[in-house]
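Notes for the structure review
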Amino acid sequence: RGGDRGVVIPDRGRLDVRKAYEIVFILRPDLDDQQVRETIDRVAGRITERGGTLLATEPWGKRRLAYPIKKHREGLYVLMRFELDVQRVQDLKNAVALVEEVIRFLVCEALPAAPAAAPASQTQLAEAVPIRRQRQMCIRDRSGGGDGGC
């Protein structure tokens, strides 16, 4: 696992590895706006209490669940991105599991941001279209008894 970014903390003398994580959690749908904000702040507090750094919070809103969870057919989805010491992740999971308003959650390691793909130039797009048309014509020729020279 060569991708680990480690930071040595001198006073402890051991290697602490901080990684980027994401947590998606589903809140009970019967919560009002104030309760939703308080619960989001409570989960954010659980992260910072364990030495984590909150990077982003994205409320996704109310969505229909694929199957009932604790007798709820809908839930309020929230995504948080954060950095945390690898050794504290399980402690965070245990703490979030105790928040009553959260009916389901998932913590996973965040993928590194992919570099933005360069937009295709107009000449690349113009060259790609005739090739696609030519391939379609070859397929029709083969099936229709054409010359088969594709």
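So, here is what we can say about the structure in this document.

About the thresholds
Residues numbered from 1 in each chain as written. Predicted model: local features only at pLDDT ≥ 70, side-chain atom pairs only at ≥ 80, totals over all residues. Heavy atoms only, no water. Helix = DSSP H or I, 4+ residues; strand = E, 2+ residues; numbered from the N terminus. Buried < 20%, exposed > 50% of the residue type's maximum accessible area, 1.4 Å probe, protein only. Areas by Shrake-Rupley, 256 points an atom, 1.4 Å probe, with all protein chains shown as cover. Pairing = 2+ DSSP bridges. Phe/Tyr/Trp six-rings, centres within 6.5 Å; stacked < 30°, edge-to-face > 60°. Salt bridge = Lys/Arg side-chain N within 4 Å of Asp/Glu carboxyl O. Contact = heavy atoms within 4.5 Å. Core = buried A, V, L, I, M, F, W, Y, C linked by side-chain atoms within 4.5 Å.

Scanning the chain from terminus to terminus reveals three helices and five strands. Counting helices and strands in the order they occur from the N terminus, the chain gives β-β-α-β-β-α-β-α. A buried classification covers 29% of the 150 residues belonging to the chain. Surface summary for the chain: the accessible area is close to 10,600 Å², and the carbon and sulfur share equals 52%.

Bridging between strand β3 (residues 53-69) and strand β4 (residues 72-85) involves eleven bridges; their strand directions are antiparallel. Bridged to A56 within β4 is R81. Counting the residues between successive antiparallel strands, the hairpin from β3 to β4 contains two residues, one of them, K70, with a positive phi of roughly 50°.

A word on the packing of aromatic side chains. Each aromatic ring pair is summarised here by two numbers: the centre-to-centre distance and the angle between the ring planes. Following the criterion strictly, the structure yields two aromatic pairs and no others. On the numbers, 5.9 Å between centres and 25° between planes, the contact of Y21 with F82 is stacked. Of the two residues, Y21 sits in strand β2 (residues 14-27) while F82 sits in strand β4, which places them 61 residues apart along the sequence. You can call F82 buried: its relative accessible area is 0%.

One pass over the full model with this rule turns up eight salt bridges. Note that D91 is salt-bridged to R50, the shortest N-O span being 3.0 Å. Of the two residues, D91 sits in helix α2 (residues 89-97) while R50 sits in the loop between α1 (33-49) and β3, which places them 41 residues apart along the sequence. For R50, a relative accessible area of 14% puts it in the buried group. The network of salt bridges with common partners includes E49, R50, R88 and D91.

Right, let's get into the environment of M80. Assignment of secondary structure puts M80 in strand β4. Take M80: its relative accessible area is 0%, and that puts it in the buried class. Residues within four places of M80 in sequence aside, it is in contact with Y21, E22, I23, F25, I40, V43, A44, I47, L54, A56 and T57.

Moving on, we come to the nonpolar core. Judged by nonpolar contacts, the single largest core of 21 residues is most densely connected at I23, F25, L27, M80, F82 and V102. Excluding its chain neighbours within four sequence positions, the residues that come into contact with I23 are V78, L79, M80, F82, V96, F105, L106 and V107. Ranked by size, the runner-up nonpolar core spans five residues in total, among them L65, I69, Y77 and I103.

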